[in-house]
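# Structural description and commentary
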Amino acid sequence: MTKITPQPGIMDIAHYQGGQSHVAGVAHVIKLSSNENPFGPSPKAIEAVRDSAATLHRYPSTDHAPLRDAIGARHGLDPARIICGVGSDEVLQFVAQAYAGPGDEVIYTEHGFSMYPIIARMAGATPVMVPEKDRHVDVDNILAAVTGQTRIVFVTNPGNPTSTMIPESELVRLVEALPDSCLTVIDGAYAEFVDDFDGGASIVDRFDNVIMTRTFSKVYGLGGMRVGWGYAAQSIIDVLNRVRQPFNLSLTALAAAEAAVKDEEFLSHCQAENARLRVWLSDELAKIGVLSDASCTNFILARFTDQAEAEACDDYLKTQGLIVRRVAGYNLPNALRITVGDEDACRRVVEAITAFKEGAA
Ligand SMILES: *Cc1c(COP(=O)(O)O)cnc(C)c1O
């Protein structure tokens, strides 16, 4: 027996389950399980990646100034108060590492992103799950769970896998009611899919104990590149930069993200197509009795009669080359999360679920 033992809490971490991307025996699959952009990355990002190849012998920027400037310009934010990470996951990890440790509690909500409890445990802290109400984050439930040990509250807005939103007034009520010593993280991974929405930036500007995180993995189609960022008070960004490795983002990733954030035309196209198709998809499924909440994201959460029907439908979709996501692990056993693909993918989903409902399975 080895005498080498990991830190307390590490063995309680469940391995992250990613979206499936292959089906045995099916050659051409459409992957709708990880909320990726069906239109791929911006052509300008692809070009920037190619151009970066010639300078791969150079270390990348350590302060990410060009990317932070580009993000700041696009969103009207002070670049000095932005931090970039290897996906927003890394920014979330900085937050937990810097602000929570053994004996501390980290609150997340019932249907919240599965990385939150993982990240809390990585820091040695104790994750505390709070119930939601009909697939919506409930501020009173969060407040009821706060103790003297609570250091961080994670909320996703809009939510994954619920696709619902927390009204701004409720978020402000939450931040105002939390102890000053507690940091609120507003995870805005899907913020770009909501019209005229700042993702929580104005709340960050009002309070010095709030951080907003954002990602290039969803609307920008750069999940494979691993780039995310956070926006908070200068004092928080200063802390997080101390636990950030100096060369956390590769030269190629920085170049791709900078080109992507400057390509407004591609962004608008992806936003418009998603907005159109998510309504179509959810309306068509509603006609055959598969309901979903109005989506504020690039996926819908389709609800079935029970867990058995959801699983049977998932199995049938796989035989049709359509990979969606089971969300029983998110306390939503009777639902499937379906990424809004391109028009062809959405039509195939509706056809397949219709056939399933008519007894094809
Ligand atoms: C996809 C997603 C992220 C993004 O993670 P990255 O590390 O930036 O790829 C963050 N939070 C939620 C809720 C997500 O669904």
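Now for a look at the structure at hand. (Residues numbered from 1 in each chain as written. Predicted model: local features only at pLDDT ≥ 70, side-chain atom pairs only at ≥ 80, totals over all residues. Heavy atoms only, no water.)

## Overview of the packing of helix H11 (residues 307–319) against helix H12 (residues 343–357)
The following threshold applies: Axis lines are fitted to C-alpha atoms, over the contacting stretch for helices. Their N-to-C directions set the angle, which ranges from 0 to 180 degrees. Runs of E in the DSSP output that reach at least two residues are strands. Runs of H or I that reach at least four are helices, and both are numbered from the N terminus. Here is the rule for angles: anything less than 35 degrees is roughly parallel, anything more than 145 is roughly antiparallel, 65 through 115 is roughly perpendicular, and the remaining ranges are oblique. By convention, the crossing between two helices is left-handed when the near helix turns anticlockwise from the far helix through less than a right angle, and right-handed when the turn is clockwise. Two residues form a contact once any of their heavy atoms are found within 4.5 Å.
At a closest axis distance of 10 Å, the pairing of H11 and H12 adopts a crossing angle of 125°. One finds that H11 runs oblique with respect to H12. As H11 packs across H12, the resulting crossing turns out to be right-handed. Residues Glu 309, Ala 312, Cys 313, Tyr 316 and Leu 317 of H11 lie in contact with H12, whose contacting residues are Ala 352, Ile 353, Ala 355, Phe 356 and Lys 357.

## A look at the pattern of salt bridges
This is how it is decided: Should a side-chain nitrogen of Lys or Arg be within 4 Å of a carboxyl oxygen of Asp or Glu, the pair is scored as a salt bridge. A simple rule labels every residue: compare its accessible area, found with a 1.4 Å probe on the protein chains alone, to the largest value its type can have, and call it buried under 20%, exposed over 50%, or partly exposed in between.
Under the definition given, this model contains 23 salt bridges. Where Arg 173 meets Asp 140, a salt bridge forms, and the shortest distance between an N and an O atom there is 3.1 Å. Remark: Asp 140 occurs in helix H5 (residues 139–145) and Arg 173 occurs in helix H6 (residues 168–177); sequence separation between them is 33 residues. A relative accessible area of 31% means that Arg 173 is categorised as partly exposed. The shortest N-O distance in the salt bridge between Arg 276 and Glu 273 comes to 3.0 Å. Of the two residues, Arg 276 and Glu 273 both sit in helix H10 (residues 264–287), three residues apart, roughly one turn of that helix.

## Concerning the side chain of Asn 274
Locating Asn 274 in the fold gives a position in helix H10. Sequence-distant contacts of Asn 274, defined by excluding residues within four places in its chain, comprise Phe 193, Thr 297, Asn 298 and Val 340.

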